[in-house]
Amino acid sequence: MSNESLANLLKEDRRFAPPAELAANANVTAAAYEQAAADRLGFWAEQAKRLSWETAPTETLDWSNAPFAKWFADGKLNVAYNCVDRHVENGLGDRVAIHFEGETGDSRSLTYADLQREVSKAANALIELGVRTGDRVAVYMPMIPETVIAMLACARLGAPHSVVFGGFSADALATRIQDADARVVITADGGYRRGKPSALKPAVDEALTKPGTENVRNVLVVRRTGQEDVAWTEGRDVWWHEVVERQSDRHTPEAFDAEHPLFILYTSGTTGKPKGILHTTGGYLTQVAYTHHAVFDLKPETDVFWCTADVGWVTGHSYIAYGPLANGATEVLYEGTPDTPHQGRWWEIVQKYGVTILYTAPTAIRACMKWGDDIPAKFDLSSLRVLGSVGEPINPEAWMWYRKHIGADAAPIVDTWWQTETGAMMLSPLPGVTTTKPGSAQVPLPGIAATVVDDDAHEVPDGAGGYLVLTEPWPSMLRTIWGDDQRYLDTYWSRFEGKYFAGDGAKKDEDGDIWLLGRVDDVMLVSGHNISTTEVESALVSHPKVAEAAVVGATDPQTTQAICAFVILRGTASADDEGLVAELRAHVAQQLGPIAKPKRIMPVAELPKTRSGKIMRRLLRDVAENRDLGDVSTLTDSSVMDLIQAKLPGAASED
Ligand code: ATP
Ligand code: MG
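A. Main features of the overall build of the chain. The helix and strand tally for the chain stands at 21 helices and 30 strands. In terms of C-alpha radius of gyration, the chain reaches 24 Å, essentially the compact-globule figure of 26 Å for 655 residues. Contacts spanning at least 24 positions in sequence make up 72% of the contacts within the chain whose residues lie at least 6 apart. On the chain, roughly 23,300 Å² of surface is accessible, and the fraction owed to carbon and sulfur atoms is 48%. A gap of 1 Å separates the mean positions of the 62 positive and 89 negative side-chain charges of the chain.

If you want it as structure tokens, here you go:
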């Protein structure tokens, strides 16, 4: 893609310096970059001191068996103690840890002292159920406090958890239980979704009829919805309120090696079969705590943090369960969807709790744009001071909308690039330091080494594009793919010698700032030109009638690939408007050049998305090339694909 196109998206007037007051009081200043550059390992050793170690580490990194890393290997600590008990011991027992907001309007707040009691009881219950250090526990839950309590109870016992998103099917759950060989499943009767109880337990029952799940001894069930028809397997199923509630609320945590496994988490599956990513203890907690402190400028005494992600994906692990609690933060946990019972629900929650830091995903921001500016305008959002984005490249248009309508044109936006594999944020502006550019994740965080390389692993000059790579190990890196070291080597370490290949395309602008361009697999080749799906999507979204866009390259006899765009129109635009397709094609040509003009544009009602809100382009490619669909198990709603396929014959096409 030409450099003019990027320059087009990056207008000079769209640069935002940090607010003076925030910069003056920022947790982290530009000095952190210098300090980390001068002594990277020393920098991380320093950050590890944010944690309470039972045995402080003397080693920082052991890379002798690269790429299998050991961080802080001779240190010992307990993650749950770090996230809960130590705050109580420090006199913060009365601070609210979690403000829980149920979808149906019920709410409760748990202090750190409450959390200590609840986690201790849950840990004692797991012990009674025979859970031992090293046993895997599957967690298949709605977004309720017991989910975080269950994760912390597992961490407390050194029993790695495998959280499976509560919306996944019985099959998806079964394959994850099999792969991790889980011994216990923690679930609920159901959760609330769009105002209605949505059952979870039946999927567990079904999953446990599948071969390979026989080692599950117990299913621990939280009563959330009170549905009456919960099937029960005597001897296997136990109610949380019967087993956990009667336990002692005291439990003494044991310290584990820094490299003890903390959790397995399967990736969201946008590029293929999900991978069981293994994270360990000391390095992971160090980097999530540091990044939560640095990137959000967290002031635990006064801030109210809210990460809207589901706990079933990595953002929920690192920035709901572990980072905020390690830092003694007060956070919001919301059970439901942003539009239940009305499209202002999120903003109502921000107003109710005085949320100061909001962390969400581009897909949610685009949905809010589609619903209209007047909705957030009805609420008092003046408490917000830092806004975060994660999950996909954020379109400059969505970034600007987020800043203007949510951040009152003042709150800095931190666009954080990272992956399930990286465990914690890797690239991001710092809110008190970086002059931000809409749509760019910009720079590696202090202590992180990342760059963009070409096919031959050479670093590209400023102004050029290629592959994003990480050139040095980092504390919260995955240690392997569970049970499959070879796949770990092949997937991440074989493309470029000695470098971690993230699978994402990126480019450096003239200042050397990094712009993510989407998956390498998604980059299109059109008449000899590499064109990024992300850039074409951003150009489409910058048109006032387009709310969302997904672009794929479909095999084409003349041009190698032809650009096919699927668009969701904004409220007022009509899909039958004959001129609209031509108008959108002209708009893209004007923004990016004629070569980027989509060959076909298809207005659709919905796009196929994973549970974490990412668009699954590989399925759209299957549609565009008339193939059978690949793995759809991680899709939010597989009927979306039927709708899109049904539309195809009549879809607009021009040359
Ligand atoms: P799979 O690896 O199974 O295909 P996935 O990559 O979608 O699934 P995640 O680990 O949840 O699963 O997502 C990480 C990916 O999300 C990154 O590799 C990148 O493509 C994208 N991503 C996350 N944050 C950003 C961001 N701020 N800007 C651009 N892309 C981002
Ligand atoms: Mg991935």
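After that view of the structure, there is still more to cover.
B. Representation of the confidence of the model for the chain. Confidence along the chain averages 93 in pLDDT terms, with 96% of residues attaining 70 or more. No element of the chain has a lower mean pLDDT than helix 1 (residues 3-9), at 52, and none a higher one than helix 11 (residues 282-295), at 99. In this model, residues 649-655 is a region of pLDDT below 50 whose contacts with residues beyond four sequence positions or in other chains number 13 contacts.

C. Main features of the pattern of salt bridges. Counted according to the given criterion, the structure contains 46 salt bridges. Among the salt bridges present, the one from Asp-181 reaches Arg-183, with a minimum N-O distance of 2.7 Å. With a relative accessible area of 22%, Asp-181 lands in the partly exposed category.

D. Representation of the side chain of Asn-124 within the structure. Examined against the element boundaries, Asn-124 turns out to sit in helix 6 (residues 112-128). A distance of 2.9 Å separates a polar side-chain atom of Asn-124 from the backbone oxygen of Ser-248. A polar side-chain atom of Asn-124 sits 3.0 Å from the main-chain carbonyl oxygen of Arg-250. With residues up to four places along the chain from it excluded, the contact list for Asn-124 reads Gln-247, Ser-248, Arg-250 and His-251.

E. Representation of the sheet that holds strand 17 (residues 330-334). Reading across from one edge, 5-4-17-16-18-19-20 is the order of the seven strands in this open sheet, with mixed pairing throughout. Among the strands making up the open sheet, the edge pair consists of strand 5 (107-111) and strand 20 (413-415). Strand-to-strand twist of the sheet, defined as the mean angle between neighbouring strand axes without regard to direction, takes the value 20 degrees. Inspection of the sheet shows strand 18 (residues 357-360) paired to strand 19 (residues 386-389) by four bridges, in the parallel sense. Residue pairing in the sheet places Leu-358 in a bridge with Leu-387 of strand 19. Along the sheet face, helix 7 (residues 145-157) touches strand 4 (96-101), strand 5 and strand 17 and points at about 30 degrees away from the line of strand 5.

F. Region of the structure containing the domain arrangement of the chain. Taken as a whole, the chain is organised into domain 1 (39-280 + 329-337) and domain 2 (527-650). On the side of domain 2, ten residues touch domain 1, which itself brings twelve residues to the contact. Across the domain 1 to domain 2 interface the summed buried area is about 780 Å²; carbon plus sulfur atoms make up 58%. It is Phe-168, Ser-268 and Thr-270 that lose the most area in domain 1 upon contact with domain 2, and together they represent 52% of the buried surface on that side.

G. Representation of the packing of helix 11 against helix 12 (residues 314-326) within the structure. In the contact formed by helix 11 and helix 12, the axes pass within 8 Å of each other and the chain directions differ by 85 degrees. Comparing the axis directions of helix 11 and helix 12 gives the class roughly perpendicular. Contacts between helix 11 and helix 12 involve Tyr-284, Leu-285, Val-288, Ala-289, Thr-291 and His-292 on the former and, on the latter, His-317, Ser-318, Tyr-319, Tyr-322, Gly-323, Pro-324 and Ala-326. Residue composition of the contact of helix 11 with helix 12, grouped by class: eight nonpolar, five polar and no charged.

H. Representation of the packing of helix 3 (residues 31-38) against helix 4 (residues 40-47). With their axes 5 Å apart at the nearest point, helix 3 and helix 4 run at an angle of 120 degrees to one another. The pairing of helix 3 with helix 4 is recorded here as oblique in orientation. In this structure, helix 3 uses Ala-32, Gln-35, Ala-36 and Ala-38 to contact helix 4, whose residues at the interface are Arg-40, Phe-43 and Glu-46. For the contact of helix 3 with helix 4, a count of residues per class yields four nonpolar, one polar and two charged.

Definitions and cut-offs
- Residues numbered from 1 in each chain as written.
- Chains lettered and ligands numbered in written order.
- Predicted model: local features only at pLDDT ≥ 70, side-chain atom pairs only at ≥ 80, totals over all residues.
- Heavy atoms only, no water.
- Helix = DSSP H or I, 4+ residues; strand = E, 2+ residues; numbered from the N terminus.
- Rg over C-alpha atoms; globule rule 2.2 N^0.38 Å.
- Contact = heavy atoms within 4.5 Å.
- Areas by Shrake-Rupley, 256 points an atom, 1.4 Å probe, with all protein chains shown as cover.
- Lys, Arg positive; Asp, Glu negative; His and termini not counted.
- Charge placed at Lys NZ, Arg CZ, Asp CG, Glu CD.
- pLDDT = per-residue confidence, 0-100.
- Salt bridge = Lys/Arg side-chain N within 4 Å of Asp/Glu carboxyl O.
- Buried < 20%, exposed > 50% of the residue type's maximum accessible area, 1.4 Å probe, protein only.
- Polar contact = N/O pair within 3.5 Å; in protein donor to acceptor, adjacent residues only side chain to side chain.
- Pairing = 2+ DSSP bridges.
- Axes fitted to C-alpha atoms, helices over the stretch in contact; angles between N-to-C directions.
- Domains from an automatic or database assignment.
- Buried area = accessible area lost by both parts, 1.4 Å probe.
- Parallel < 35°, antiparallel > 145°, perpendicular 65-115°, else oblique.
- Nonpolar A, V, L, I, M, F, W, Y, C, P; charged D, E, K, R; others polar.

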